[in-house]
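# Overview (structure and organization)
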Amino acid sequence: IQNFAQIKTNCFDIDELINEGNGLRDNEILSIYGKAGLGKTQICHTYAANCLRQWPNSKVVWIGCNNGSFRPSRIKEILESSDESSDGAGKLLDNLLYVDLQKNFKNGNTLDGVEIFVKKAMNFANVKLLVIDSIGNAYKIHRDSKKIGALNSSVSPKTALHAALRSIEDYSLKMKNPIILTNDVVANMKNDSMLSCTMKNQSASVRPVANIDSHATAIYRLSRHHGNARRKITSLNNKNEILCETMFDIVPKGLAGQR
């Protein structure tokens, strides 16, 4: 029997795609990947806002690995769109614990930062949701800093990523909270792009920057379909095959599905 944390986006189509409308599961580790600007952080903003609204005495921990992507004003907008007063939204935001890893780990060792702050989060009381936004960027910073000799560490990017993911899994087992990981993508030059775009049940020829999907309990890819201005979220299995998908938009209240 699955235990559900009852945290939803309040967008019917996305919530039906993710756990058939039941909300995020306890112990769930979601991997959401896609190109920049498709809504990865917006989905996290929406989950965070709805978690704070539903559990006003609980906390959301947000570990940001990409300067500028976290916008508390956006979370406040989502809260206020559901008739939450400005003062009420501000009080709820006090329960969001945020750390910017690029500011705290200027030597490029941002993956160490992920591991350190995930372990710290285990000591926080009343946490309902953990967001690690752009773990792929943390991996890129570590990798690129090591390439140019700017990283004072002998640890390889893959080893550092594995340590960070192990801490995330430990957190999931101990704290029972849902965890959302967002990830950037790179072109997958090993595949024929035309072939991979036309084969049934195959993803487009991009792959996540950081290889985290084997540690996730659910995998979702964001994209646009045939030049459509609307965004698409696709549920994938561990063989990278499409399970189901739906379209959505980013709106003031958070996310909106079929028109």
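Above this text you will find the structure in question.
These figures come from a predicted structure and were not determined experimentally.

Calculation notes
- Residues numbered from 1 in each chain as written.
- Predicted model: local features only at pLDDT ≥ 70, side-chain atom pairs only at ≥ 80, totals over all residues.
- Heavy atoms only, no water.
- Pairing = 2+ DSSP bridges.
- Helix = DSSP H or I, 4+ residues; strand = E, 2+ residues; numbered from the N terminus.
- Axes fitted to C-alpha atoms, helices over the stretch in contact; angles between N-to-C directions.
- Contact = heavy atoms within 4.5 Å.
- Buried < 20%, exposed > 50% of the residue type's maximum accessible area, 1.4 Å probe, protein only.
- Core = buried A, V, L, I, M, F, W, Y, C linked by side-chain atoms within 4.5 Å.

### So, the sheet that holds strand 3 (residues 96-100)
Pairing in this open sheet of nine strands is mixed, and the strands run 3-2-4-5-1-8-9-10-11 from one edge to the other. This sheet does not close on itself; its edge strands, each paired only once, are strand 3 and strand 11 (254-256). For this sheet, the mean angle separating the axes of adjacent strands, direction not counted, is 25 degrees. Sheet analysis places strand 2 (residues 59-64) next to strand 3, joined by five bridges and oriented parallel. By the bridge assignment for strand 3, Ile63 is matched with Val99. This element, helix 8 (residues 157-175), spans strand 1 (29-33), strand 4 (127-133) and strand 5 (179-183) of the sheet and lies at about 155 degrees to strand 5.

### Here's the deal with the environment of Val61
Tracing the sequence through the fold places Val61 in strand 2. A residue is classified by how much of its surface remains accessible, and Val61, at 4% relative accessible area, is buried. Distance from Val61 to Ala48, taken between C-alpha atoms, is 8.9 Å for residues 13 residues apart in sequence. Not counting chain neighbours up to four residues away, the residues in contact with Val61 comprise Leu97, Ala121, Phe124, Val127, Leu129, Leu130 and Val131.

### Re the nonpolar core
The biggest cluster of nonpolar side chains holds 36 residues, and the ones touching the most others in it are Ile75, Leu96, Leu129 and Ile233. Where this core is concerned, the elements lending two or more residues are helix 1 (12-17), strand 1, helix 2 (40-54), strand 2, helix 3 (72-80), helix 4 (86-93), strand 4 and strand 8 (218-224). No other element matches the seven residues that helix 2 contributes to this core. Those residues in contact with Ile233, other than ones at most four positions away along the chain, are Ile14, Leu17, Ile18, Ile43, Tyr220, Arg221, Leu222, Cys244, Glu245, Thr246 and Phe248.

### Overview of the pairing of strand 10 (residues 242-251)
Pairing analysis gives six bridges linking strand 9 (residues 231-236) to strand 10, with the strands arranged antiparallel. Bridging from a neighbouring strand, Thr234 pairs with Glu245 of strand 10. Counting the residues that bridge the hairpin from strand 9 to strand 10 gives five residues, and of these Asn240 lies at a positive phi of roughly 65 degrees. Across three bridges, the pairing between strand 10 and strand 11 is antiparallel. Opposite Ile250, over in strand 11, you have Leu255 as the bridge partner.

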